[in-house]
Structure formats: C-alpha cells, structure tokens
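# Architecture and fold: a report
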Amino acid sequence: MLSLTVLGSGSSGNCAVLRTERTCLLVDAGLSARRITQRLEQVGLNVGQLDGILLTHEHGDHTAGLEVLCRKHEVPLFCTPLTQETLMSGFEKARPRWRIMQTGAAFQFQDLHIECFPVPHDAVDPVGFLIQDEDSRLGVLSDVGFITNLIRDRLKGVHTLFMEANYDGPLLEADTKRPWATKQRISGRHGHLSNEQAAELVQHLAHEHLQHVILGHLSEDCNCPNVARQKITAALHSAGVTTAQVHCANRHGPLPWLEVARRANAALAPTVVVPSLEVAPVVEDLEQALNPAPAPTPVPIPSPTVQVREEEDSGYQVMEQLGLWSSMRAAG
C-alpha cells in the first residue's frame, strides 16, 4: 500500500515523501538538508532509508537541499537529462548518483511503476508524476501554468492527487508587494496554478474512489488555506464526490501520513444459522402439520434443451506503453 506525507510546501520550499513496504522516495528536495532530516524524523524516517529522490524540475524551491544531501548520503537522483545538465554546475563537492528518466516515459523502480509527463512551467524540462503500485494510483502535479489535455489524461483515475494551488485570483490581483510583471509571470501559461484552475482539474478528475486531494505550494501572501480548501471541496461536491478529503500542505511542518488508496477490508462471510440434526425433523413435521400441502397434480413438461455458453472475461489491458527507463548516467 502506497502512503504519502508532505514534509513542507510553499513558495520557499517543497518536499514530499512516499513509501510502500519496500520503497521510500522523496519528491523534490526544496527544503534545506537539515530541515529535511528533521522532518523525516518527525514522520518516523531517516535519510538512510531513502531509496531515491524524484525531481519535478530544477528551481531552487524544489532542489535547495540536494547538494548537501548528496554529499552526505548516496541517494540516487531521478531527473530528466536537461534537468541534470542544469543542476550539475551547482554540485561543487557532491557527486550524485544520477538516474536519468525520459520525459513521457514510464519505468519500474522496485515495487513502483513511475511515469513522468511534461507540464507547462518556466523550467528547462518540468514534469509531473503518476506513481502506482498494485493497489494505489498517486498523481503529483507541482508547478504548472495551465492544465493540458495530457495532464488530464495522465491523472485520470488517481486515488490521491498532490497538486499545486499557488494563488487565489482576487488575492493576487489585490496584492501590493508584487510588481505587475511578477503577477503576469505567476498567472501566465508557464507560471503557477490558481485555486480556480486547481478546482477545475479536480472536478474533471473526481470519481468515487478518489480519497485525498492535497494542495501544495500555497502562496503565503496571495492565497489562504481556507479559501483554497473551500473551492476544491465545492468542486468535488459539484461532481457528486463527498467522501474525498481535502488537505492543505504546510510550509512549517509535515502532514500526517495518508494512505493513497483506501485499504480494502476483508469481506465478511455471511452468517448462516443451520438447525441441528435433532431439531430439524421436529420443525419440519410441525410445519407440515400446520400447513399441509395439497397433493400436486402431475403435469408432463418436456425438458427443453439448454445450451450453456462460457464467455471469457475480457481482463484489463494496459493500453499504452510509453517507453523504458533509460540507462544510468553518472555525473563527471
């Protein structure tokens, strides 16, 4: 079973961690290495348990802790070739263990099936993730300027969605700290998602098995957790989904662990009361005495020929194989 927590998320830094019985991965490392270590301990983990770090893109609020983490610990970094090329110049002493993934391709890592897909943002090669095990389907959508049809398609059917809700439209417009050009960059097609855009995507993806929507990267000045939560909840309700929980990730501390999908409960066997051998004949005789059945009139009925046709179950096919995990490249 796949579980997720967010160690911290906001404009100043973003980092989440997911785990199964076999695998533990960071998603981005935008907090300091010290803070990541402390918050891992708060959720019952340590850096030595990490099997790797998935990177969405190279911006500092998603990579600030990488250099120190990789210098002190041999943690593999999963990223695209362009992201690797951009980050390599920032590693002065560390020699990361690069694991190169191709945008749009899927690969298997231990008990997880991971697919990265392109998203619009002003980074060199930003990606979102679809991460699955046998029971769970997790969507990760970080910095995104607008929702593409590809994003909608890749995130269809997720049990938990961890996505950006950076700003609220009216609050950004009324903000006096940011110049007009910055506001245009934030709200542009390669900037960030608003509450309204996030709500639109959630409404499109809503289904009865959606368990959690986790909102991240909330602007401290131009958004409000209550406002964001209310808009996403309203979108879910308008789609007829009332059981999914909406959470706002905090920049100052980790969320509790959340199971990505609902754990299946073992089906209870029906209780059948069978009379004992001593009681059954007595009950049967009493019923016959109180309700004597009339003698049936025999009517000859020809036995029809019954043809039984067995049909094979169609099964569930994987409709698309996007690619294979490329070979490992080590930094020089």
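Going by the structure above, here's the rest.
This one's a predicted model, so the numbers in the text were calculated from it and none came from an experiment. (Residues numbered from 1 in each chain as written. Predicted model: local features only at pLDDT ≥ 70, side-chain atom pairs only at ≥ 80, totals over all residues. Heavy atoms only, no water.)

### Considerations on the sheet that holds strand E3 (residues 24-27)
The strand order across the open sheet built from seven strands is E6-E5-E4-E3-E2-E1-E14, with neighbouring strands paired in mixed fashion. One side of each edge strand has no neighbouring strand; the edge strands of this open sheet are strand E6 (97-100) and strand E14 (258-259). In the sheet, strand E1 (residues 3-10) pairs with strand E2 (residues 13-19) via seven bridges, with the strands oriented antiparallel. Paired with Thr5 across the bridge in E2 is Val17. In the packing of helix H4 (residues 81-88) onto the sheet, the strands contacted are strand E5 (76-79) and E6, and the crossing angle to E6 comes to about 155°. (Pairing = 2+ DSSP bridges. Helix = DSSP H or I, 4+ residues; strand = E, 2+ residues; numbered from the N terminus. Contact = heavy atoms within 4.5 Å. Axes fitted to C-alpha atoms, helices over the stretch in contact; angles between N-to-C directions.)

### A word on the side chain of Glu164
Along the chain, Glu164 falls in strand E11 (residues 160-164). Although Glu164 is buried, it forms no salt bridge, and the closest oppositely charged side chain is Arg185 at an N-O distance of 8.0 Å. In terms of polar contacts, Glu164 uses its side chain to reach the backbone amide nitrogen of Leu193, at 2.8 Å. If we ignore the near neighbours within four places in the chain, the residues touching Glu164 are Leu141, Ser142, Asp143, Val144, His192, Leu193, Ala198, Gly216 and His217. (Buried < 20%, exposed > 50% of the residue type's maximum accessible area, 1.4 Å probe, protein only. Lys, Arg positive; Asp, Glu negative; His and termini not counted. Salt bridge = Lys/Arg side-chain N within 4 Å of Asp/Glu carboxyl O. Polar contact = N/O pair within 3.5 Å; in protein donor to acceptor, adjacent residues only side chain to side chain.)

### Remarks on the environment of Phe91
Mapped onto the secondary structure, Phe91 falls in the loop between H4 and E6. Between the C-alpha atom of Phe91 and that of Arg71, which follows or precedes it by 20 residues, the distance is 8.8 Å. When near neighbours in sequence (up to four residues on either side) are disregarded, Phe91 contacts Leu66, Glu67, Leu77, Pro96 and Trp98.

### What to know about the sheet that holds strand E9 (residues 127-132)
Ordered by their spatial adjacency, seven strands build an open sheet running E7-E8-E9-E10-E11-E12-E13, and the pairing between neighbours is mixed. Two strands close off the open sheet at either side, each with one partner strand: strand E7 (106-109) and strand E13 (245-248). Here the average twist between neighbouring strands, direction ignored, is 15°. Where E7 meets strand E8 (residues 112-118), four bridges bridge the pair, whose relative direction is antiparallel. Of the residues in E8, the one forming a bridge with Phe109 is Leu112. In this fold helix H8 (residues 195-205) packs onto strand E10 (137-141), E11 and strand E12 (212-216), with an angle of close to 160° to the strand it touches most, E11. Across the face of the sheet, helix H9 (residues 225-238) comes into contact with E12 and E13 while running at roughly 160° to E13.

### Concerning empty space enclosed by the protein
The tally for this structure, following the rule as stated, stands at one cavity of 30 Å³ or more. Looking at the largest cavity, it is lined by 16 residues, and the ones nearest its centre are Ser9, Asn14, His62, Ser142 and Phe162. Among the elements of the structure, E2, E10 and E11 are those that each provide at least two residues to the lining of the largest cavity. The class makeup of the residues in the lining of the largest cavity is seven nonpolar, seven polar and two charged. (1 Å grid on protein atoms, 1.4 Å probe; cavity = no way out; pocket = protein on both sides within 12 Å on 5 of 7 lines; lining within 4 Å. Points joined across faces, edges and corners; volume = space filled by probe spheres on them. Nonpolar A, V, L, I, M, F, W, Y, C, P; charged D, E, K, R; others polar.)

### Some points on the packing of H8 against H9
Packing of H8 against H9 leaves a shortest axis separation of 8 Å and a crossing angle of 25°. Considering the angle they form, H8 stands roughly parallel to H9. Between H8 and H9 the crossing geometry is right-handed. Here Asn195, Glu196, Ala198, Ala199, Val202 and Gln203 of H8 lie close against H9, whose contacting residues are Val227, Ala228, Lys231, Ile232, Ala235, Leu236 and Ser238. When its residues are assigned to classes, the contact of H8 with H9 shows eight nonpolar, three polar and two charged. (Parallel < 35°, antiparallel > 145°, perpendicular 65-115°, else oblique. Left-handed = near helix turned anticlockwise from the far one by under 90°.)

### Section: the side chain of Thr23
By the secondary structure assignment, Thr23 is in the loop between E2 and E3. Looking at Thr23, its side chain comes within polar contact range of the side chain of Gln110, at 2.8 Å. Discounting residues that sit within four places of it in the chain, Thr23 has contacts with Leu18, Asp51, Phe109, Gln110, Asp111 and Leu112.

### Notes on the environment of Thr23
We classify Thr23 as buried; its relative accessible area is 2%. Taking the C-alpha atoms as reference points, Thr23 and Leu2, separated by 21 residues in sequence, lie 9.2 Å from one another.

### Looking at the pattern of salt bridges
A full pass over the atoms with the stated rule returns 10 salt bridges. For Arg178, the salt bridge is made with Asp175, and the minimal N-O distance between the two is 3.2 Å. Between Asp221 and Lys177 there is a salt bridge whose closest N-O contact spans 3.5 Å. Note that Asp221 is positioned in the loop between E12 and H9 and Lys177 in the loop between helix H6 (169-174) and helix H7 (180-187), a separation of 44 residues in sequence.

### Description of the pairing of E10
A large share of E10 lies buried, amounting to five of its five residues. On E10, burial covers both faces: Arg137, Gly139 and Leu141 on one face and Leu138 and Val140 on the other are all buried. When E9 meets E10, the two strands line up antiparallel, connected through four bridges. Bridged to Phe129 within E10 is Val140. What sits between E9 and E10 in their antiparallel hairpin is a turn of four residues. With four bridges joining them, E10 and E11 adopt parallel strand pairing. Across the sheet, Leu138 pairs through a bridge with Thr160, a residue of E11. A crossover connection joins E10 to the parallel E11 through helix H5 (residues 149-154); in handedness this β-α-β unit is right-handed. (Right-handed = clockwise from strand over helix to strand, strands pointing away.)

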